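Per-entry structural report
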Amino acid sequence: MATHNDTGKYGEALARIYFIQKGYEILYLNWRYKNWEVDIVACKNNLLHFIEVKTGRSQKFGYPEEKSGPQKIRNLVNAAEQFLYQYPQWKRIQFDVLSISLFKKEDPEYFLIEDVYE
């Protein structure tokens, strides 16, 4: 497996722990519908969160959250629409991006961007 795939999987594992510690209930990891995927579907306080996780090991190509451009957010929204079609009981939703920076010999650095799409 390529290094960037390992980094992504590790970041998603860290994200899961991060959200559990913040009081979220993880409903799905890597929820898929056709070619769309949501890294984490979670809920907290009766609000459903569709979460994109971006992980980076250096700032050579920018911060991880900078890799969540308009197309990635559109894909997240499209996946969420299909999710809500299958699970229509959810009335309140939010789209979030969790950026995780992994630097050598340092603890992971988390940056949560909430409500990225209105």
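The rules behind each value
- Residues numbered from 1 in each chain as written.
- Predicted model: local features only at pLDDT ≥ 70, side-chain atom pairs only at ≥ 80, totals over all residues.
- Heavy atoms only, no water.
- Helix = DSSP H or I, 4+ residues; strand = E, 2+ residues; numbered from the N terminus.
- Rg over C-alpha atoms; globule rule 2.2 N^0.38 Å.
- Contact = heavy atoms within 4.5 Å.
- Areas by Shrake-Rupley, 256 points an atom, 1.4 Å probe, with all protein chains shown as cover.
- Lys, Arg positive; Asp, Glu negative; His and termini not counted.
- Charge placed at Lys NZ, Arg CZ, Asp CG, Glu CD.
- Pairing = 2+ DSSP bridges.
- Axes fitted to C-alpha atoms, helices over the stretch in contact; angles between N-to-C directions.
- Phe/Tyr/Trp six-rings, centres within 6.5 Å; stacked < 30°, edge-to-face > 60°.
- Buried < 20%, exposed > 50% of the residue type's maximum accessible area, 1.4 Å probe, protein only.
- Polar contact = N/O pair within 3.5 Å; in protein donor to acceptor, adjacent residues only side chain to side chain.

Brief notes about the overall build of the protein
- If you tally the helices and strands in the protein, you get two helices and five strands.
- Ordered by position from N to C terminus, the α and β elements of the protein give α-β-β-β-α-β-β.
- Its C-alpha radius of gyration of 14 Å places the protein within 12% of the 13 Å reference for a compact globule of 118 residues.
- Along the longest, intermediate and shortest principal axes, the C-alpha atoms of the protein span 45 × 30 × 30 Å.
- For the protein, the proportion of contacts with a sequence separation of at least 24, taken over those separated by at least 6, is 51%.
- Per element, the accessible surface of the protein, about 7,500 Å² overall, is 49% carbon and sulfur.
- Seen as two clouds, the 16 positive and the 16 negative side-chain charges of the protein have centres 5 Å apart.

Points about the sheet that holds strand 4 (residues 93-101)
- Pairing within the open sheet is mixed, and its five strands lie in the order 1-2-3-4-5. Only two strands of the sheet have a single neighbouring strand rather than two, namely strand 1 (25-33) and strand 5 (109-113). If you compare each strand with its neighbour and ignore which way they point, the axes differ by 30° on average.
- In the packing of helix 2 (residues 70-86) onto the sheet, contacts are made with strand 1, strand 2 (36-44), strand 3 (47-56) and strand 4, and the angle to strand 3 comes to roughly 145°.

Quick word on the packing of aromatic side chains
- Inspection of the entire model under this criterion finds 10 aromatic pairs.
- Both rings, one in tyrosine 28 and one in tyrosine 87, keep their centres 5.9 Å apart while their planes meet at 40°; by these two values the pair is tilted. You can see tyrosine 28 sitting in strand 1 and its partner tyrosine 87 sitting in the loop between helix 2 and strand 4, a full 59 residues away along the chain.
- With relative accessibility at 25%, the residue tyrosine 87 sits in the partly exposed group.
- Note on phenylalanine 50 and phenylalanine 95: the rings are 5.6 Å apart at their centroids and 25° apart in plane angle, and the pair reads as stacked. A residue pair is termed long-range when its members are at least 10 positions apart, and phenylalanine 50 in strand 3 and phenylalanine 95 in strand 4 qualify at 45 residues. Both residues of the pair, phenylalanine 50 and phenylalanine 95, count as buried.
- Linked through ring pairs, Tyr28, Trp31, Phe50, Phe83, Tyr87 and Phe95 together constitute an aromatic cluster.

A short note on the side chain of glutamate 52
- Here glutamate 52 lies in strand 3.
- Overall, the relative accessible area of 3% leaves glutamate 52 in the buried class.
- Within polar-contact distance, the side chain of glutamate 52 engages the side chain of lysine 54 at 3.5 Å.
- Discounting residues that sit within four places of it in the chain, glutamate 52 has contacts with Asp39, Ser68, Lys72, Leu76, Asp96, Val97 and Leu98.

Such coordinate-based values are descriptive only and should not be taken to indicate function.
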